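The primary structure of each chain is shown beneath.
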Amino acid sequence: MSTEQKILPFINPATGEQFGEVPMATPEQVTRAHKEMRQAFEVWRRKSVRERIRILRQLLEVVIDSVDEITEVINKDTGKSRQDGLIEVMMAVDRLSQYLKHAPKWLRPERVPPGLYIFRRYYTEPHPYGVVAVIGPWNYPFDLTLPPAFSALLAGNTVLVKPSEVAGATGVLLEKLFNRVPELSPFIRFLHGDGAVGAAIVESAPDLIFLTGSTATGRKVTEAAAKTLTPVLCELGGKDPMIVLEDADIEAAARWGVWGAFYNAGQTCMAVERVYVVEQVYDEFVEAVVRETRKLKMGYSPGMDNHYHLGPLTFERQVKIIEDHMQDALAKGARILVGGKLDGLFMEPTVVVDVDHSMKLMRDETFGPILPIMKVKDETEAVWLANDSYYGLSACVWSRNLKRAKRIARQLEVGSVNINDAISHYPVSLLPFGGVKQSGSARTHGKGEVLQFTQARSYAVGVPPLPFDLATKMREPGHYRLGKAILHLAFGVTPRQRVRPIVEEAERLKQPEMLPKTAVAAGLGLTALVALVFGLWRGRR
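Every value quoted in this text rests on a predicted model; they were computed, and no experiment measured them.

Participant: For this particular structure, what's the right way to read the layout of surface pockets?
Facilitator: Over the atoms, a rolling probe the size of a water molecule traces out where space has been left empty. Space inside the largest pocket adds up to approximately 990 Å³. Lining the largest pocket are 39 residues; nearest its centre among them are Gly213, Ser214, Ala216, Thr217 and Arg317. Elements that contribute at least two residues to the lining of the largest pocket include exactly helix 7 (195–203), strand 8 (208–212), helix 8 (215–225) and helix 11 (316–331). It is helix 8 that contributes the most residues to the lining of the largest pocket, 7 residues altogether.

Participant: Can you help me understand the sheet that holds strand 4 (residues 120–128) in this one?
Facilitator: Within a sheet, each strand pairs with its neighbour through backbone hydrogen bonds, oriented either parallel or antiparallel. Here 3 strands make up an open sheet; going across it, the order is 3-4-19 and the pairing antiparallel. Of all strands in the sheet, those bounded by a partner on one side alone are strand 3 (110–112) and strand 19 (454–462). Strand-to-strand twist of the sheet, defined as the mean angle between neighbouring strand axes without regard to direction, takes the value 30°. Of the strand pairs in this sheet, strand 3 and strand 4 are connected by 3 bridges, and their pairing is antiparallel. Bridge pairing in strand 4 places valine 112 opposite tyrosine 122.

Participant: I tried to follow the packing of aromatic side chains on my own but got confused; where do I start?
Facilitator: Two aromatic rings are characterised by how far apart their centres lie and by the angle between their planes. If you walk through the whole model with that rule in mind, you get 13 aromatic pairs. Between phenylalanine 178 and phenylalanine 190, the aromatic rings sit 5.7 Å apart at their centres with planes inclined by 50°, giving tilted as the arrangement. One end of the pair, phenylalanine 178, is in helix 6 (residues 168–179); the other, phenylalanine 190, is in strand 7 (residues 188–190), and 12 residues separate them in sequence. For the pair shown, phenylalanine 178 and phenylalanine 190 are each scored as buried. One residue, lysine 80, lies across the ring of tyrosine 140, its end atom 4.1 Å from the ring centre.

Participant: Looking at this structure, I do not really get the environment of threonine 222. What am I missing?
Facilitator: Within the secondary structure layout, threonine 222 lies in helix 8. C-alpha separation for the pair threonine 222 and aspartate 240, spaced 18 residues apart in sequence, amounts to 23 Å. Ignoring sequence-local partners within four residues, the contact set of threonine 222 consists of Val232 and Cys234. Among the polar contacts listed, one links the side chain of threonine 222 to the backbone oxygen of glycine 218, at a separation of 2.7 Å.

Participant: Honestly, a positive patch on the surface in this entry has me stumped. Any pointers?
Facilitator: Where like charges cluster on the molecular surface, the positive patch consists of Lys101, Lys105, Arg108 and Lys447. Along the chain, arginine 108 turns up in the loop between helix 4 (82–106) and strand 3. We classify arginine 108 as exposed; its relative accessible area is 52%.

Participant: Would you explain the pattern of salt bridges in this entry?
Facilitator: Side-chain pairing between opposite charges can occur once the charged atoms of the two side chains come close. In total, this model carries 26 salt bridges according to the counting rule given. Glutamate 504 is the salt-bridge partner of arginine 500, the closest N and O atoms lying 2.8 Å from each other. With a gap of 4 residues between them, arginine 500 and glutamate 504 both fall in helix 17 (residues 495–509), about one helical turn apart. For glutamate 504, a relative accessible area of 33% gives the class partly exposed. Through salt bridges with shared partners, a single ionic network connects Glu246, Asp247, Glu379, Arg404 and Arg407.

Here is what the cut-offs are and how they apply
- Residues numbered from 1 in each chain as written.
- Predicted model: local features only at pLDDT ≥ 70, side-chain atom pairs only at ≥ 80, totals over all residues.
- Heavy atoms only, no water.
- 1 Å grid on protein atoms, 1.4 Å probe; cavity = no way out; pocket = protein on both sides within 12 Å on 5 of 7 lines; lining within 4 Å.
- Points joined across faces, edges and corners; volume = space filled by probe spheres on them.
- Helix = DSSP H or I, 4+ residues; strand = E, 2+ residues; numbered from the N terminus.
- Pairing = 2+ DSSP bridges.
- Axes fitted to C-alpha atoms, helices over the stretch in contact; angles between N-to-C directions.
- Phe/Tyr/Trp six-rings, centres within 6.5 Å; stacked < 30°, edge-to-face > 60°.
- Buried < 20%, exposed > 50% of the residue type's maximum accessible area, 1.4 Å probe, protein only.
- Lys NZ or Arg CZ within 6 Å of the ring centre and 35° of its normal.
- Contact = heavy atoms within 4.5 Å.
- Polar contact = N/O pair within 3.5 Å; in protein donor to acceptor, adjacent residues only side chain to side chain.
- Patch = residues over 30% accessible without salt bridge, like charges linked within 9 Å, V, L, I, M, F, W, Y side chains within 5 Å.
- Areas by Shrake-Rupley, 256 points an atom, 1.4 Å probe, with all protein chains shown as cover.
- Salt bridge = Lys/Arg side-chain N within 4 Å of Asp/Glu carboxyl O.
- Lys, Arg positive; Asp, Glu negative; His and termini not counted.
- Charge placed at Lys NZ, Arg CZ, Asp CG, Glu CD.

Structure below.
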């Protein structure tokens, strides 16, 4: 072990006070943890799905019993309210409960139709990768770290967890929760620390990496993992657009658009980060947004009863990004209608107009309490601008005409679309969530979240090849015509194609030199026909 070990302090972003610390993992500790999880995998993978569920259910019980402890730590670690911390816990518990319920069905072997190969059985079976590394984020350090680790374990993997150094206290708490389940703790290791610890984990070449973070971080991890061809699943950033059409409920769009933009001080990957409003209702919408924004209260309280709508920014580095985006926009002609002031890590909810796509504020992820609004001519321009992004996480569309809204939703290049609401699609436990483009490749929520931690393996089972099996015949020379006949009969697209081999064979058998062979050909044809009919019947089962 290294003689000098760095310390990771826990700083409350709302007060600036240090409330704890943890030693950072050394490279030697990373190596040892990986080795331990490699050995533990051989034990965990052999446990049945039912047994894993039984053990993981104990963790769920521990989490629910510890809810007040969890929200207290999240509150100190991130500055968000206890209630917002509770929402994190509720979303995670909801997902994990559903996963425990459905896992036996999701993880069972699946039969595959045999096609023409009717005398064998074929099936696929999900197998765990091995050692999975989960790298968590700081904006929702509980909800975005626990479920992927839980899902990887449920799928049969052992896990290395690297919590965000910005929310280190939540990472330590997660480790304590796992340690309260003695049957589970041997199969997961927490490695606390900064980016150097994450780099050491990637360098150790786990079997799979699951990362939640910024697109820039995702790019770095993917490039490093490429050296060992380690697969990486990324849940990355977004620049989510909101489209307000002329037939929208303007008051509702303003109220919930403001909520979607400023919830958690805008530090949400699927927050509303840009709004496109059709010109007929632009002024009305902007006025309503300003009214709603002025109602919001900013502040911090450690108590359970908290009356503030948004707390501080969690990460000091984010302040620099926000200031850069704001200065760039103002220099290019944007105007602030309300808010805009920064006091330490507290930033007023801010509404900006006169924006366009030459500005960073409309193109890059801001991740702060800023709502830029742009006037557009019609829905066509709104869709074009919404898609003019290298991100593709989520979007929302506002219209009283649901048929129209769904038509527009299908044109948006994003992973999720919310019609007449904002960000509320995320808490739905079995609704797949994830992005396209540079918003990542991972999927959370539902069956896909669990199965992405497995690899499908295929099996073909049966007795040795039978002499009358089509597969046997086609391994022998001299059966071209039989194979061609089966091809047409089984896969012909038109009646002409399906009948063709029968017509051809009839014409061929009319030739005088073929008459002695007619009986043999008829027998082969009958065998092929029986095999074909039986195979198609089996394939539909």
